[in-house]
Amino acid sequence: MGQCKSWSKVGIAMLVVLSAGKCQSKMLVHEMQCEYSVQPQGVDVAAPVLSWKLESNVRGDRQSAYRVAAAENIDRLKKRSGVLWDSGKLHSSNSLNIRYSGRTLNSNKTIFWSVQVWDKNGKSTGKPRISSFTTGLMKPSDWHGTWIRHPREPVRSEADYYAERPAPLLRKEFVVKKTVKRAAAFATGLGCYELHLNGKKVGDQQFGTAWTTFSKRVLTSTFDVTSMLKKGVNTVGFVLGNGWYDPLPLRMWGHLNVRESLAVGEPRALLELRIEYTDGTTQNVVTDPSWRAGESPILRNSIYLGELYDGRNELPGWDKASFQDSSWKQAAIASDPIGKLCSQTLPPVRVTHVLLPKRITEIKPGVFIYDMGQNFAGTVTLRVSGPAGTRVVLRYGELLYPDGTLNVKTSCAGQIKNAHGGGGPGAPDTAEQTDTYILRGSGLEVYTPRFTWHGFRYVEVTGYPGKPAPDSIIGNRMNTDVSQQGMEFTCSSDLLNRIHQMTQWTLLSNLFSVQSDCPHRERFGYGGDIAATSEMAMLHFDMSRFYSKAVIDLEDAVRPNGGFTETAPYVGIADSGLGGGSGPMGWGIAHNLLLWQLYQYYGNAELIRTGYPFAKRYVALLERTAKDDILDQDISDHESLVTKPVELTATAYYYLNVRLAEKMANLLHKPEDAAGYHRLAGRIYGSFQQRFRVAGTGKYDSGSQACQAFVLALGLAPEDTRKAAIEVLVEDIHQHGDHLTTGIFGTKYMLNVLSENGYADLAYKIVSQRSFPGWGYMLDKGATTLWEHWEGSDDTFSQNHPMFGSVDEWMTKTVGGISPAPDAIGFDHVLIRPQVVGDLKSASAHYESVHGNIVSEWNVNGAHLEMHVSIPVGCSADVTIPTGWKGQRSNFQVASGSYVFEANKR
């Protein structure tokens, strides 16, 4: 909403603000959410949380009261008669995570809910705003079907997994005799699936089921299929892929077979199709042995190695009623045990961007290289015409060799390159990403792989009949479709803008239901990458549901000793861990860190309530493992350019875990626990000083950038030592030519520590370096996504790794100037404190918080600074204006509204 504007000039800093004139108050409710989503389907939480955003044209306006009601009938809701719940008017400013407190919600119902609010003057918004959500299947007994699969014989040897083994098709015909009022399909499939109804794919999601610890939980999706049904004979069907439930027994790095750690089995499907007729009767269509099972043209499919598709084997109309399936077999019941069914709350993987090739080169006769101009994760769509049986092979890589040929080495699964049997029986010597399409020979054919994705920039095309056209290959960027309504960032530095874009592409490349380290070689949900980049991600995307799933993944994977794993789901990796399969400190920290950040950014206290017992067990493990309150096991500052301070980082993260547990105990009103953690933190703090502080100095351990950054960022330097500790850090940076030496965690902490302690210009200089090491160096070497290692690589290290993306957090907080205050709950208290650094002339940052849009924009013209700030209803802000720009500040506390500040350099 716009402000009623007039100008006033205040203060010696030449501050000018927009002040609210006399205008009619108008508060509006918008973006009503249930369980962090607008109009979600399939909610299976007994008491879901409801939230809304507010807009007002009056500065400092606030919600003084609200009233929420819910009903299964919209007319009843409007009349507030026969409703499920009516909160009555409650005097509260809270608009986040209001817990439903009405009658028991039934399965498969549309729930309409309304909210009415009153502004700070007690004036109502008038007619309540209405939204809705649909419930899922609330309890196990609501599922009437059974898991089914193709009745084929199981694979008998490891080598056979690499043979042709067509992806199963499952189908069922049923009759609709009446007029349909509403129809909902509750579906899932392991490992991947497509659901089809009357010849069309249901939904636009890719891969179907999100990856979880399948032995603990399997996620289901809900689809409104009312418009897809017709009177008469209907057909529903599944295409099933292997995914993470039936992966290859590939020996990654020559030894790791993920099948030994995951719940595995034959691809399987489950469906509950519920049809409501206008006459009040219902019909259920479910998976059972009456379904028919056939084989698809997908002859092989693997998450890592790609697909083989034979167009000659296509079965036109297999998902329509006219298809004859008499030669198909009867489906078998899938009886291998798996975990409980839960509704999928995180967004699905979708195609979120389409790329056209930037260049096509014929490097030798019949071999074409498509340069997509951007490293990304996803697939390509092939358009081709030619004789039946023609094989078109698509190979993918991140780099080219100097002669223009494709380099696949940085993206080979598990570093299997010329392994000569090292990948296990039947495995290829080089585990590269390849899709093969065999033409059916009938006009234009269009092929897009279904059950795989790749990380790549370049596509090598061989076997193409004739010369491919520019649109013969189109790129499909895919990622978990987290909303990009978050941060918009730009500034006057082209380099920083390019680093920002590079970081965003990297993060999205690694969001495929878990946050991975790379989209090709490993694809595992590493906790360390989350710990390093979670705030960056939350400042730019709506990660509320994605990271909530990550927390549950970590809890499902927790080891018997209480330790969190290096990856979740657990795949058997436990480098430098704490025993029993638990991971290293910097990776295990992800659980407790996310719990607190999800509370700080989104107000999610429920996850803390359910996650606290896991946090408590983990801290107990750390306390048992520590020797004199010091831990010495950790991967530490991964990819550091100097010796890693293993003991220091492990103990620092021990301390952080205990402090987080103390915060959570206080929040949950557990004073005895909180007091115990407070005492333990004090012990660790004292032991840390004894073990790592060089007496009489501000130096800790070796005094490397990582050492100093960890100590300063995590509150491990006594107040009288902080200045000296910062000076040690700054001196080390100068000794390295104002370059960094830090790795995955040190980089994040160091940039923030410098900016918070008067050295933002030095942080800017580090970020702006074009020489090795740094982000500018990557860009000048042709990178479009972040490298795994500062030096880059054409053989080993990934070219698409998010861990150094913490720089984008620094840009948001320091250059853009937006961050949550330490005491923020759901971003209700904002820090606006941009720093005018280096040669920057302007910056603009917009963050869509759970309360609404937060804006921080500034522009320097000579000695004049103009700054625009906007704070949504439900938030307050501490605004710091750089009046002298190099250290001088003016501070203001503001309520919601729009403001303009002006200052002249003194």
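Residues numbered from 1 in each chain as written. Predicted model: local features only at pLDDT ≥ 70, side-chain atom pairs only at ≥ 80, totals over all residues. Heavy atoms only, no water.

**Student:** I'm lost on the overall build of the protein in this one. Help?
**Tutor:** Helix and strand counts for the protein come out as 14 helices and 43 strands. What you see for the protein is a C-alpha radius of gyration of 29 Å, in line with the 29 Å of a compact globule of 906 residues. Judged by the C-alpha coordinates and their principal axes, the protein covers about 85 × 70 × 55 Å. Residue burial in the protein is summarised as follows: out of 906 residues, 63% are buried. Of the roughly 32,700 Å² that the protein leaves accessible, carbon and sulfur atoms contribute 48%. Here the protein carries 94 positive and 91 negative side-chain charges, and the mean point of each set is 7 Å from the other. (Helix = DSSP H or I, 4+ residues; strand = E, 2+ residues; numbered from the N terminus. Rg over C-alpha atoms; globule rule 2.2 N^0.38 Å. Buried < 20%, exposed > 50% of the residue type's maximum accessible area, 1.4 Å probe, protein only. Areas by Shrake-Rupley, 256 points an atom, 1.4 Å probe, with all protein chains shown as cover. Lys, Arg positive; Asp, Glu negative; His and termini not counted. Charge placed at Lys NZ, Arg CZ, Asp CG, Glu CD.)

**Student:** Explain the environment of Ala 332 here, please?
**Tutor:** Topologically, Ala 332 is positioned in strand S23 (residues 332–333). You can call Ala 332 buried: its relative accessible area is 17%. Sequence separation between Ala 332 and Trp 147 is 185 residues, and the spatial gap between their C-alpha atoms is 8.6 Å. Apart from residues no more than four positions distant in its own chain, Ala 332 is found in contact with Trp 147, Ile 148, Arg 149 and Pro 151. (Contact = heavy atoms within 4.5 Å.)

**Student:** Explain the nonpolar core to me, please; I cannot follow it from the model alone.
**Tutor:** Nonpolar side chains in soluble globular proteins generally cluster together in the buried interior. Ranked by internal contacts, the top residues of the largest apolar core, which has 219 residues, are Phe 524, Met 543, Tyr 547, Trp 775, Val 815 and Ile 832. Setting aside anything within four residues of it in sequence, one finds Val 815 in contact with Phe 489, Cys 491, Leu 496, Trp 810, Pro 834, Gln 835, Val 837, Leu 840, Ala 843 and Trp 858. (Core = buried A, V, L, I, M, F, W, Y, C linked by side-chain atoms within 4.5 Å.)

**Student:** Explain helix H7 (residues 646–667) to me, please; I cannot follow it from the model alone.
**Tutor:** Quick reminder: α-helices carry 3.6 residues per turn. Residues three or four places apart thus point the same way. Here H7 contains 22 residues, and its C-alpha end-to-end distance of 32 Å stays within 8% of the 32 Å for a straight helix at 1.5 Å per residue. With 16 of its 22 residues buried, H7 lies for the most part within the structure. A positive backbone phi angle near 60° is found at His 669, which sits one or two residues after H7. (Expected span 1.5 Å × (residues − 1).)

**Student:** How should I be thinking about the packing of helix H5 (residues 585–602) against H7 in this particular structure?
**Tutor:** To describe two helices that pack against each other, one gives the angle between their axes and the distance between the axes. Packing of H5 against H7 brings their axes to within 10 Å, and their N-to-C directions diverge by 30°. On the basis of the axis angle, H5 is roughly parallel to H7. Considering the relative orientation of H5 and H7, their crossing is left-handed. Taken together, the residues of H7 that come into contact with H5 (itself represented by Met 585, Gly 586, Ile 589, Asn 592, Leu 593, Leu 595, Trp 596 and Tyr 599) are Ala 650, Tyr 653, Tyr 654, Leu 656, Asn 657, Leu 660, Lys 663, Met 664 and Leu 667. When the residues that make up the contact of H5 with H7 are grouped by side-chain class, the tally is 13 nonpolar, 3 polar and 1 charged. (Axes fitted to C-alpha atoms, helices over the stretch in contact; angles between N-to-C directions. Parallel < 35°, antiparallel > 145°, perpendicular 65-115°, else oblique. Left-handed = near helix turned anticlockwise from the far one by under 90°. Nonpolar A, V, L, I, M, F, W, Y, C, P; charged D, E, K, R; others polar.)

**Student:** Would you mind showing me how to read the pattern of salt bridges here?
**Tutor:** Side chains that differ in sign of charge can pair as their charged atoms come close. What the rule picks out here adds up to 42 salt bridges. Put simply, Asp 246 and Arg 259 hold a salt bridge, and the shortest N to O gap is 2.9 Å. With Asp 246 in the loop between strand S16 (232–241) and strand S17 (268–277) and Arg 259 in the loop between S16 and S17, this residue pair connects regions lying 13 residues apart in the sequence. With its nearest N and O atoms 2.8 Å apart, the salt bridge here joins Glu 809 to Lys 748. Taken together, the residues span a long stretch of sequence, with Glu 809 in helix H14 (residues 806–816) and Lys 748 in helix H11 (residues 746–756) at a distance of 61 residues. Of the residues examined, Glu 809 reaches a relative accessible area of 1% and is grouped as buried. Each member of the salt-bridge network shares a partner with another, and the members are Glu 535, Lys 748, Glu 809 and Lys 813. (Salt bridge = Lys/Arg side-chain N within 4 Å of Asp/Glu carboxyl O.)

**Student:** It is not clear to me how unusual backbone geometry should be interpreted in this structure. Could you clarify?
**Tutor:** The phi angle of most residues is negative, glycine excepted, and most peptide bonds adopt the trans form. With an omega of -10°, the peptide bond running from Leu 190 to Gly 191 counts as cis. With respect to the helices and strands, Gly 191 occurs in the loop between strand S12 (180–190) and strand S13 (192–197). Here Ala 568 and Pro 569 are connected by a cis peptide whose omega angle stands at -5°. Secondary-structure assignment places Pro 569 in the loop between helix H4 (544–556) and H5. At Glu 31, a position not held by glycine, the phi torsion is positive, near 45°.

**Student:** Teacher, can you tell me more about the packing of aromatic side chains here?
**Tutor:** Aromatic rings considered in pairs are described by the distance between their centres and by the relative angle of their planes. Counting across every chain of the model gives 37 aromatic pairs. Arranged with centres 5.5 Å apart and planes meeting at 85°, the rings of Tyr 653 and Phe 745 form a pair that is edge-to-face. Pair noted here: Tyr 653 is in helix H7 and Phe 745 is in the loop between helix H10 (722–735) and H11, with a separation of 92 residues, a long-range link. The exposure class assigned to Tyr 653 is buried, which follows from its relative accessible area of 2%. Here the aromatic rings of Phe 688 and Phe 692 are separated by 4.7 Å at their centres, their planes lie at 50°, and the arrangement is tilted. In this pair, Phe 688 and Phe 692 both sit in helix H8 (residues 671–692), 4 residues apart, roughly one turn of the helix. Judged by relative accessible area, Phe 688 falls into the buried class, the value being 0%. Relative accessible area serves as the criterion here: at 2%, Phe 692 is assigned to the buried category. Among the aromatic residues, those joined into a ring-pair cluster are Trp 211, Trp 244, Tyr 304, Phe 524 and Tyr 526. The ring of Trp 453 carries Arg 523 above its face, with NZ or CZ at 4.7 Å from the centroid. (Phe/Tyr/Trp six-rings, centres within 6.5 Å; stacked < 30°, edge-to-face > 60°. Lys NZ or Arg CZ within 6 Å of the ring centre and 35° of its normal.)

**Student:** Help me out: how do you make sense of the sheet that holds strand S7 (residues 98–99) in this one?
**Tutor:** Strand-to-strand pairing in sheets goes through backbone hydrogen bonds, with the strands running parallel or antiparallel. Pairing in this open sheet of 3 strands is antiparallel, and the strands run S3-S4-S7 from one edge to the other. Two strands lie at the open edges of the sheet, namely strand S3 (27–34) and S7, each paired on one side alone. (Pairing = 2+ DSSP bridges.)

**Student:** What should I look at first to understand the side chain of Asn 257 in this one?
**Tutor:** Tracing the backbone shows Asn 257 in the loop between S16 and S17. A polar atom in the side chain of Asn 257 sits 3.0 Å from the backbone nitrogen of Arg 259. Residue contacts for Asn 257: discarding those within four places in its chain leaves Glu 158, Leu 248, Pro 249, Leu 250 and Arg 251. (Polar contact = N/O pair within 3.5 Å; in protein donor to acceptor, adjacent residues only side chain to side chain.)

**Student:** Looking at this structure, I do not really get a nonpolar patch on the surface. What am I missing?
**Tutor:** On the surface, Val 351, Val 354 and Leu 356 cluster together into a nonpolar patch covering about 260 Å² of accessible area. Within the secondary structure, Leu 356 sits in the loop between strand S25 (349–355) and strand S26 (359–364). Note on Leu 356: relative accessible area 54%, which makes it exposed. (Patch = residues over 30% accessible without salt bridge, like charges linked within 9 Å, V, L, I, M, F, W, Y side chains within 5 Å.)

**Student:** Would you take a moment to explain the sheet that holds strand S40 (residues 864–871) for this structure?
**Tutor:** Spatially, S35-S38-S39-S40-S43 is the arrangement adopted by the 5 strands of the open sheet, whose pairing is antiparallel. In this open sheet, the two edge strands, each paired with only one partner strand, are strand S35 (488–491) and strand S43 (897–904). Neighbouring strand axes in the sheet, compared pairwise and without regard to direction, differ in orientation by 5° on average. Looking at chain direction, strand S39 (residues 853–861) and S40 are connected through 7 bridges and run antiparallel. Pairing of Asn 861 across the sheet is with His 864, part of S40. Strands in contact with H14 are S35, strand S38 (842–848) and S39; relative to S35, the strand with the most contacts, it is inclined by about 65°.

**Student:** Would you mind showing me how to read the confidence of the model for the protein here?
**Tutor:** Note that predicted coordinates carrying low pLDDT should not be read in detail. Across the protein, the average pLDDT comes to 95, with 96% of residues at or above 70. For the stretch residues 1–16, pLDDT sits under 50, and the model shows 47 contacts to residues farther than four places along the chain or on other chains. Taken as a whole, residues 18–22 scores under 50 in pLDDT and shows 16 contacts with residues more than four places along the chain or in a different chain. (pLDDT = per-residue confidence, 0-100.)

**Student:** Any chance you could explain the packing of H4 against H5 here in plain terms?
**Tutor:** Where H4 contacts H5, the two axes come as close as 10 Å, and the packing angle between them is 155°. As far as their axial angle goes, H5 and H4 are roughly antiparallel. Note on packing geometry: the crossing formed by H4 with H5 is left-handed. Two secondary-structure elements touch here, H4 through Ser 544, Tyr 547, Ser 548, Ala 550, Val 551, Leu 554 and Glu 555 and H5 through Ala 590, His 591, Leu 594, Leu 595, Leu 598 and Tyr 602. Taken together, the residues of the contact of H4 with H5 break down into 9 nonpolar, 3 polar and 1 charged.

**Student:** Just checking my understanding: could you explain the side chain of Asn 476 for this structure?
**Tutor:** Looking at the secondary structure, you find Asn 476 in strand S34 (residues 473–480). Side-chain polar atoms of Asn 476 contact the side chain of Thr 381, separated by 3.0 Å. The residues contacting Asn 476, other than those within four sequence positions of it, are Val 351, His 353, Phe 376, Ala 377, Gly 378, Thr 379, Val 380, Thr 381 and Thr 448.

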